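Coordinate analysis (summary)
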Amino acid sequence: MSVQQFIPKPYTASVKNGSFKWSSPSNIALVKYWGKKEDQIPENPSLSFTLSDCKTITNLIFSEKQNQDNFSFEVFLDDDKKDDFKPKIETFFKRVEVFLPFLRHYHFKIETSNTFPHSSGIASSASGMSALALCLMSLEKALNNEVSDEFFIKKASFLARLGSGSACRSLEGDTVVWGHHNEIKGSSDLFGTKYPFEVHDNFKNYQDTILLVDKGEKQVSSTVGHNLMHGHPFASKRFSQAHKNLSNLITILNDGDLDAFIKIVESEALTLHAMMMTSMPYFILMKPNTIEIIYKIWGYRETSNSKICFTLDAGANVHVLYPEYETESVMKFIKNELVVYCQNGHYICDKIGFGAKQL
Ligand code: DP6
């Protein structure tokens, strides 16, 4: 499937001004995306659970302008003007301009807010870029009434990917695949697609409690980390491992095999960080408390029947994953034994969710 399909024909309608508002969630990868080629093409397929409560809400207010020389936009986070967000959005606009030729025709006011604290160490790029992509697609749809619902979501995911790779997995729920995989029909490097197979009831309403170990800015951005996979000594093995892990997950998700699920999910998390530790330059994003929590989780699992496990994204925070029926016991364990490792005792309770919504 080619990118040509996302270049629109001349628009049929005209719209002078208006606004569109979307909320879009974050997502947590079980099979990780780490390493990309040019144009935000992933080196391997990834699979994520969409989250429910960690969301970005974006209101895009637009008005037609005369001069079409430049992009014109301003960004507000919780009513504060955020000029430091502008370079990332400018880069995004440049990348997607060929697919959204109206971008220079409007002045945009982008009002955005997150349901999670900005300085929580939770990346807002997945929820933020997907919310913005959806607002822009709403404008495209107003300019061309023929856009179908299916194409709308596909192109929004395609655009979100160009803003931040993992953002293309945030639009739908509850499980999303991004990146071509031989056994998953319809999977694509260009956009995220809903996981097409049966998922066992064990994974319904799966819980994710995010332990905020370090709320600071991370020292190494994901983009830099992805680039360090070029020439990485273990890169090609890692990329084929991701394909294999995803193949195995298909059976595991179908059978509801929680023990096998834990093995893949924790191994993926540790492999992601192992790639960081073995790149040149090398770096470590985990903190001592990240490791303390991992040991505690392993200890708890050994002394109980719990199917609790952890995953990590590109930072020190720990996502604690567990089936819904364990919520009461695991929350007790978290409060009694894990909260002490969280910065200011902070954590966020979330669960699997169903994707973005127009407001
Ligand atoms: C570790 O999507 O933030 O969370 O494409 O450069 O914006 P860019 O990177 P980003 O990378 C996320 C990496 C990850 C794993 C994952 O979500 O699959």
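Note that the coordinates shown come from a computational prediction; the quantities given were computed from them, not determined experimentally.

**Focus: the overall build of the protein**
Looking only at helices and strands, the protein has 8 helices and 14 strands in total. For the protein, the C-alpha radius of gyration of 20 Å lies close to 21 Å, the compact-globule estimate for 359 residues. Each principal axis of the C-alpha atoms in the protein carries an extent, and together these give about 65 × 45 × 40 Å. The buried share of the protein, reckoned over its 359 residues, is 54%.

**Things to note about helix α3 (residues 149-163)**
Since the α-helix packs 3.6 residues into each turn, any two residues three or four apart lie on the same face. The first and last C-alpha atoms of α3 sit 21 Å apart over 15 residues, in line with the 21 Å expected at 1.5 Å per residue. Within α3, 11 of the 15 residues are buried, leaving the element largely enclosed by the surrounding structure. Of all the positions in α3, only Phe152, Lys154, Lys155, Ala156, Ser157, Phe158, Leu159, Ala160, Arg161, Leu162 and Gly163 are classed as buried. Buried residues in α3 make contact with β1 (17-31), β3 (41-42), α1 (86-96), α2 (125-143), β8 (175-178) and β9 (192-194).

**Quick word on the pattern of salt bridges**
A complete count under the given rule lists 13 salt bridges for this structure. Glu97 is the salt-bridge partner of Arg104, the closest N and O atoms lying 2.4 Å from each other.

**Here we look at the domain arrangement of the protein**
Domain parsing of the protein yields domain 1 (3-197) and domain 2 (206-351). On a C-alpha basis, the centroid separation for the pair domain 1 and domain 2 is 26 Å. Of the residues lining the interface, 32 residues belong to domain 1; the matching set on domain 2 comes to 42 residues. Summed over both sides, the interface between domain 1 and domain 2 buries roughly 3,100 Å², with carbon and sulfur atoms accounting for 68% of that surface. Considering only the side of domain 1, the residues that lose the most area to domain 2 are Leu30, Lys32 and Trp34, jointly responsible for 26% of the buried surface there. In this assembly, domain 1 and domain 2 are joined by 1 salt bridge. One salt bridge in this structure joins Lys351 and Asp53, with 3.9 Å as the shortest N-O distance. Counting across the domain 1 and domain 2 interface gives 13 residue pairs in polar contact (both at pLDDT 80 or more). For the side of domain 1 that touches domain 2, the secondary structure elements donating two or more residues are β1 and β4 (46-64). In terms of residues, the side of domain 1 that touches domain 2 owes the most to one element, β4, which gives 7 residues. Across the side of domain 1 that touches domain 2, the residue classes tally to 18 nonpolar, 9 polar and 5 charged.

**Examining the site of the ligand**
Residues in close proximity to the ligand total 17 residues, the closest being Tyr33, Lys36, Ser164, Ser166 and Arg169. Here an oxygen atom of the ligand sits 2.6 Å away from a polar atom, N or O, in the side chain of Tyr33. Within the side chain of His226, a nitrogen or oxygen atom sits 3.0 Å from an oxygen atom of the ligand. Its free accessible area being 470 Å², the ligand has 92% of it covered by the protein chains. It is helix α4 (residues 222-227) that provides the largest number of residues to the shell around the ligand, a total of 3 residues. For the shell around the ligand, the two domains that each supply at least three residues are domain 1 (3-197) and domain 2 (206-351).

Basis of the calculations
Residues numbered from 1 in each chain as written. Predicted model: local features only at pLDDT ≥ 70, side-chain atom pairs only at ≥ 80, totals over all residues. Heavy atoms only, no water. Helix = DSSP H or I, 4+ residues; strand = E, 2+ residues; numbered from the N terminus. Rg over C-alpha atoms; globule rule 2.2 N^0.38 Å. Buried < 20%, exposed > 50% of the residue type's maximum accessible area, 1.4 Å probe, protein only. Expected span 1.5 Å × (residues − 1). Contact = heavy atoms within 4.5 Å. Salt bridge = Lys/Arg side-chain N within 4 Å of Asp/Glu carboxyl O. Domains from an automatic or database assignment. Buried area = accessible area lost by both parts, 1.4 Å probe. Polar contact = N/O pair within 3.5 Å; in protein donor to acceptor, adjacent residues only side chain to side chain. Nonpolar A, V, L, I, M, F, W, Y, C, P; charged D, E, K, R; others polar. Near = heavy atom within 4 Å. Areas by Shrake-Rupley, 256 points an atom, 1.4 Å probe, with all protein chains shown as cover.

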